[in-house]
Amino acid sequence: MTLLAWLAAAVAIAPLIGVIAAAFGDGQADIAASDLIRYALTSAALAVMVAIATAVLGSVSAWLVVMHRFPGRSVFAWALALPLAAPAFAVAYGYADLFDVAGDLRTWMRAVPGIDWGPQMRSLPGAAFVLSLAFYPYVYLTLRAALVNQSAQAIEAARSLGCSPTQALFRVALPLLRPALAAGVALAVMETLADFGAVQFLSVQTLTTGVVRSWFVYGSLEAAARLALPLLAAAAVVLWIERLSRRGRTDEAARARWRPIEPTPLNGGRGLLAFGFCLGLLTLGLLLPVGWLALNAIDISPDWSRLARAAANSLGLGLGGAVATVIFATCLALSAERMPVTARISSLGYATPGAVMAIGLLVPASVVWQTIPGAVSGLGAGLALLIYAYAARLMAAALEPVEAGLTRVTPSMVAAARTLGRSEAGAALSVRLPIASGALLTATLVVFIDVVKELPATLILRPFNVDTLAVIADNYARDERLPNAGWPSLMIVALTLPAVIWLTRKITASRPGDPHGQH
């Protein structure tokens, strides 16, 4: 098992080594310092804007749903996470089409004095608006889980010591929630730095768009790798912040004497305001952009055979990438107690954009191709390389639920299996993995959702004539054929929405101390 764990860690770290090797190689990389600085500053500004917006939207929505009772609360508890089903580029297409193409609506909005709505969407604030709506569920889910796990005794103790409700909130509740808030914002920032489709379409030049452009337009692996180095550094910093935030968690102490917090009823106008805020957030994050895409796609007769092939490719790659990733993550989780450093190494992949992973894999692939001509060519080798990229980036996303599921296995269970003659691997297959089967399914669905929505890694590594729904949507969007881009975007939502609904309802129904239901 130890050998398999090291192999899993090597899968995650090899592309990162490839990026560094290419960046410091002997090839030509004509990158102007001004371009690098411009890309880096834009990425940093976008990350800061999204971090602030997601922190506000996610924390307010989680606070309302957990701490208050108002109309629709039970539905919003899981529905507020549904924007995770829509890729960020689909949200960008919907809003761009809404503000730029819809004739009467656009004319009415431009009639407002001093406001030009159309051009503003394709800008840095427009990209921050879109990404904030797409990624706020990460903050909502982590903060909601922290609030549910927080015992009422802490707040009651503060009240008994003379604190008012407001003082108890700011002196007790919020300090306990800071680690979860930092973790959720870190996830949103990671996704922001990794995004390509939305920012490229909205004409925002970030480091990730620079990496893809260097490869596709200039064909320079070295330039792409050197643009990827700041992304690697940013990923390491964000991951360090996320890991540091975990040190403040006190879940075990809270679970020992946990008692649920009784929600405060919101009646009359306050209840309507809470309902309106949650409904507005869900509408802006999912219903409005996806609904607008659907409305405009109705008048388009799509190429169904091409869409069917792309859907089959997306489904096959999603399932293949999910299974491979969960296998590697499971091998790592089974040896996590003996090798905690390997888990941290593999986590760096999740904080790294898919474009960077793809560029990193091109380096060893080119070496193999030069050594053994034709070894990495062909459909099978290309698909294997693509699934490798998915596994390297998303292994940490699968590792967390798998580790949580394995905590249900007590040492006595494993010891009983070993006394009956089972080896370590045999005990894992017959005892540990069956008990954690639900967590394995959760991890598989989490990775499947991310793979189906993945764009930059697929663009760079996909074999010739192998299109996914995300690639077709991006091709249509580049040609400004947004109604056509609506069909593959809607099909992506249709593929991922059932998995997102199942996961969010499962997380909503989880209780403190239930590792099977942890996010």
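Here we summarise the structure given alongside this text. What you see is a predicted model; the values in this text were computed from it and never measured.

**Thoughts on the nonpolar core**
So, step 1. The biggest cluster of nonpolar side chains holds 159 residues, and the ones touching the most others in it are L80 and Y93.
So, step 2. Broken down by element, the residue count for this core peaks at 16 residues, all from helix α7 (residues 124-149).
So, step 3. Discounting residues that sit within four places of it in the chain, L80 has contacts with S61, V65, Y136, P137, Y140, C278, L281 and L282.

**Description of empty space enclosed by the protein**
So, step 1. Overall, the coordinates contain 6 cavities of 30 Å³ or more when judged by the stated rule.
So, step 2. Approximately 300 Å³ is the volume found for the largest cavity.
So, step 3. Broken down by secondary-structure element, the contributors of at least two residues to the lining of the largest cavity are α4 (88-100), α7, α9 (165-194) and α21 (437-453).
So, step 4. With 3 residues, α7 is the largest single contributor of residues to the lining of the largest cavity.
So, step 5. Taken together, the residues that form the lining of the largest cavity break down as 13 nonpolar, 1 polar and 6 charged.

**A look at the side chain of T192**
So, step 1. Along the chain, T192 turns up in helix α9.
So, step 2. Ignoring anything within four residues of it in the chain, the contact list for T192 reads L46, A47, V50, L131 and F135.

**Description of unusual backbone geometry**
So, step 1. A positive phi angle, near 65°, is found at S203, a position not held by glycine.
So, step 2. Within the fold, S203 resides in the loop between α10 (197-201) and α11 (207-216).

**Concerning the packing of helix α15 (residues 304-334) against α21**
If you want to describe how two helices pack, look at the angle between their axes and the distance between the axes.
So, step 1. Between α15 and α21, the shortest axis-to-axis distance is 8 Å and the interhelical angle comes to 135°. If you check the angle between α15 and α21, you find them oblique. Crossing angle aside, the handedness with which α15 passes α21 is right-handed. Residue-level inspection shows S314, L315, L317, G318, L319, G321, A322, T325, V326 and T330 of α15 in contact with α21, the latter providing L440, A443, T444, V447, F448, V451 and V452.

**A look at the side chain of T206**
So, step 1. If you trace the backbone, T206 turns up in the loop between α10 and α11.
So, step 2. A relative accessible area of 4% places T206 in the buried class.
So, step 3. Excluding residues that lie within four positions of it along the chain, T206 makes contacts with Y39, T42, S43, L46 and V199.

**Some thoughts on the pattern of salt bridges**
So, step 1. Taken as a whole, this structure holds 6 salt bridges when the rule is applied.
So, step 2. Between R122 and E480 there is a salt bridge, and its shortest N-O distance comes to 2.9 Å. Separated by 358 residues along the polypeptide, R122 in the loop between α6 (117-121) and α7 and E480 in the loop between α23 (469-478) and α24 (482-509) bring together distant segments of the chain.
So, step 3. With a relative accessible area of 43%, E480 lands in the partly exposed category.
So, step 4. When the shortest N-O distance is used, the salt bridge between D467 and R462 registers 2.6 Å.

Conventions used here
Residues numbered from 1 in each chain as written. Predicted model: local features only at pLDDT ≥ 70, side-chain atom pairs only at ≥ 80, totals over all residues. Heavy atoms only, no water. Core = buried A, V, L, I, M, F, W, Y, C linked by side-chain atoms within 4.5 Å. Buried < 20%, exposed > 50% of the residue type's maximum accessible area, 1.4 Å probe, protein only. Helix = DSSP H or I, 4+ residues; strand = E, 2+ residues; numbered from the N terminus. Contact = heavy atoms within 4.5 Å. 1 Å grid on protein atoms, 1.4 Å probe; cavity = no way out; pocket = protein on both sides within 12 Å on 5 of 7 lines; lining within 4 Å. Points joined across faces, edges and corners; volume = space filled by probe spheres on them. Nonpolar A, V, L, I, M, F, W, Y, C, P; charged D, E, K, R; others polar. Axes fitted to C-alpha atoms, helices over the stretch in contact; angles between N-to-C directions. Parallel < 35°, antiparallel > 145°, perpendicular 65-115°, else oblique. Left-handed = near helix turned anticlockwise from the far one by under 90°. Salt bridge = Lys/Arg side-chain N within 4 Å of Asp/Glu carboxyl O.

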